[in-house]
Amino acid sequence: MEIVCSQCRKPFVQAVPRQGILDRLLSRVSTYPYQCRVCRHRFYVTQWGSRPPDAGADRGQSLPRPVQLRARLTDEQGERDGTITTLSAVGCTIETGTPLLEGAILGFRLNALDDEPPIAVEAAIVRSTLGSYAELEFLRLAPKEEEHLNEFILSLWIEGTQVIRSGRWKKEPLRAT
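Residues numbered from 1 in each chain as written. Predicted model: local features only at pLDDT ≥ 70, side-chain atom pairs only at ≥ 80, totals over all residues. Heavy atoms only, no water.

Bringing the overall build of the protein chain into the picture now. Of regular secondary structure, the protein chain possesses two helices and nine strands. The secondary structure elements of the protein chain, listed N-terminal to C-terminal, are β-α-β-β-β-β-β-β-β-β-α. Looking at the protein chain as a whole, 36% of its 177 residues qualify as buried. When the accessible surface of the protein chain is totalled, it reaches about 11600 Å², and 52% of it is carbon and sulfur. (Helix = DSSP H or I, 4+ residues; strand = E, 2+ residues; numbered from the N terminus. Buried < 20%, exposed > 50% of the residue type's maximum accessible area, 1.4 Å probe, protein only. Areas by Shrake-Rupley, 256 points an atom, 1.4 Å probe, with all protein chains shown as cover.)

Printed below as a string of structure tokens:
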């Protein structure tokens with residue numbers, strides 16, 4: 001059964017943590033809180049015989065890492081190139097030559113490694129913009145693509161930790177101009 005938002009009818013929803021006594025009482029009759037990742041509407045879904053996935057499972061993966069990666073965006077206006085400047089398991093910041101519209105849903109292919117195929121994000125929503133920069137939240141990735149993305153992010157964390165531990169990472173002194 002695919003769960004869709006009761007307000008905007010989009011399928012980009014996720015289980016959210018229970019809040020308060022009402023949520024706890026409703027969960028006793030297999031009714032759980034969900035939130036739309038597009039319009040942020042919170043609603044309940046009855047699921048007899050099953051529980052939703054753990055609502056807080058991805059919190060540690062959402063910390064962004066600085067990167068410089070090429071990406072190819074696809075939206076209603078066609079295709080365009082961009083540069084990913086920060087990346088996490090749940091979203092990214094991208095710089096494009098032309099501004100993106102807040103609330104727009106788009107797809108893109110992220111060129112993470114030269115010797116690997118690009119990571120395809122099927123759907124992402126533009127959460128905020130500032131000039132040519134936009135913050136995107138990932139809405140849908142194929143399971144294999146999500147695994148590839150998580151492996152890449154893990155490699156960024158390991159590489160960054162090794163650089164810091166070896167002393168190769170040092171803040172550069174400010175230069176007078």
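There is more to say, and it comes next.
Estimates place the volume of the second largest pocket at around 160 Å³. Its residues placed into classes, the lining of the second largest pocket shows five nonpolar, one polar and three charged. (1 Å grid on protein atoms, 1.4 Å probe; cavity = no way out; pocket = protein on both sides within 12 Å on 5 of 7 lines; lining within 4 Å. Points joined across faces, edges and corners; volume = space filled by probe spheres on them. Nonpolar A, V, L, I, M, F, W, Y, C, P; charged D, E, K, R; others polar.)

Okay, the nonpolar core next. Judged by nonpolar contacts, the single largest core of 26 residues is most densely connected at Ile 84, Leu 87, Phe 108, Leu 136 and Phe 138. Contributions of two or more residues to this core are made by β4 (65-75), β5 (78-87), β6 (91-96), β7 (105-111), β8 (119-130), β9 (133-140) and α2 (143-166). Ignoring sequence-local partners within four residues, the contact set of Phe 108 consists of Ala 71, Arg 72, Leu 73, Ile 84, Cys 92, Ile 119, Ala 120, Val 121, Ala 124, Leu 136 and Phe 138. Listed in part, the 14 residues of the second largest apolar core include Tyr 32, Tyr 34, Val 38 and Ile 125. (Core = buried A, V, L, I, M, F, W, Y, C linked by side-chain atoms within 4.5 Å. Contact = heavy atoms within 4.5 Å.)

Another aspect to go through is a nonpolar patch on the surface. On the surface, Ile 21, Leu 22, Leu 25 and Tyr 44 cluster together to form a nonpolar patch covering roughly 420 Å² of accessible area. With respect to the helices, strands and loops of the structure, Ile 21 is situated in helix α1 (residues 20-27). Using a relative accessible area of 66% as the deciding quantity, one classes Ile 21 as exposed. (Patch = residues over 30% accessible without salt bridge, like charges linked within 9 Å, V, L, I, M, F, W, Y side chains within 5 Å. Salt bridge = Lys/Arg side-chain N within 4 Å of Asp/Glu carboxyl O.)

The subject of this paragraph is the packing of aromatic side chains. Two numbers describe a pair of aromatic rings. These are the distance of the centres and the angle of the planes. Inspection of the entire model under this criterion finds two aromatic pairs. Between Tyr 34 and Phe 43 the ring centres are 6.4 Å apart and the planes differ by 25 degrees, which places this aromatic pair in the stacked class. The exposure class of Tyr 34 is buried, given its relative accessible area of 5%. Taking 5.9 Å as the distance between ring centres and 50 degrees as the angle between the ring planes, the aromatic pair formed by Phe 108 and Phe 138 counts as tilted. In this pair, Phe 108 is assigned in strand β7 and Phe 138 in strand β9, connecting sequence segments 30 residues apart. Accessibility classification places Phe 108 together with Phe 138 in one group, the buried group. (Phe/Tyr/Trp six-rings, centres within 6.5 Å; stacked < 30°, edge-to-face > 60°.)

Here Arg 9, not a glycine, exhibits a phi torsion of approximately 65 degrees, which is positive. A positive phi angle, close to 70 degrees, is found at Arg 40, a residue other than glycine. Locating Arg 40 in the fold gives a position in the loop between β2 (31-36) and β3 (42-46).

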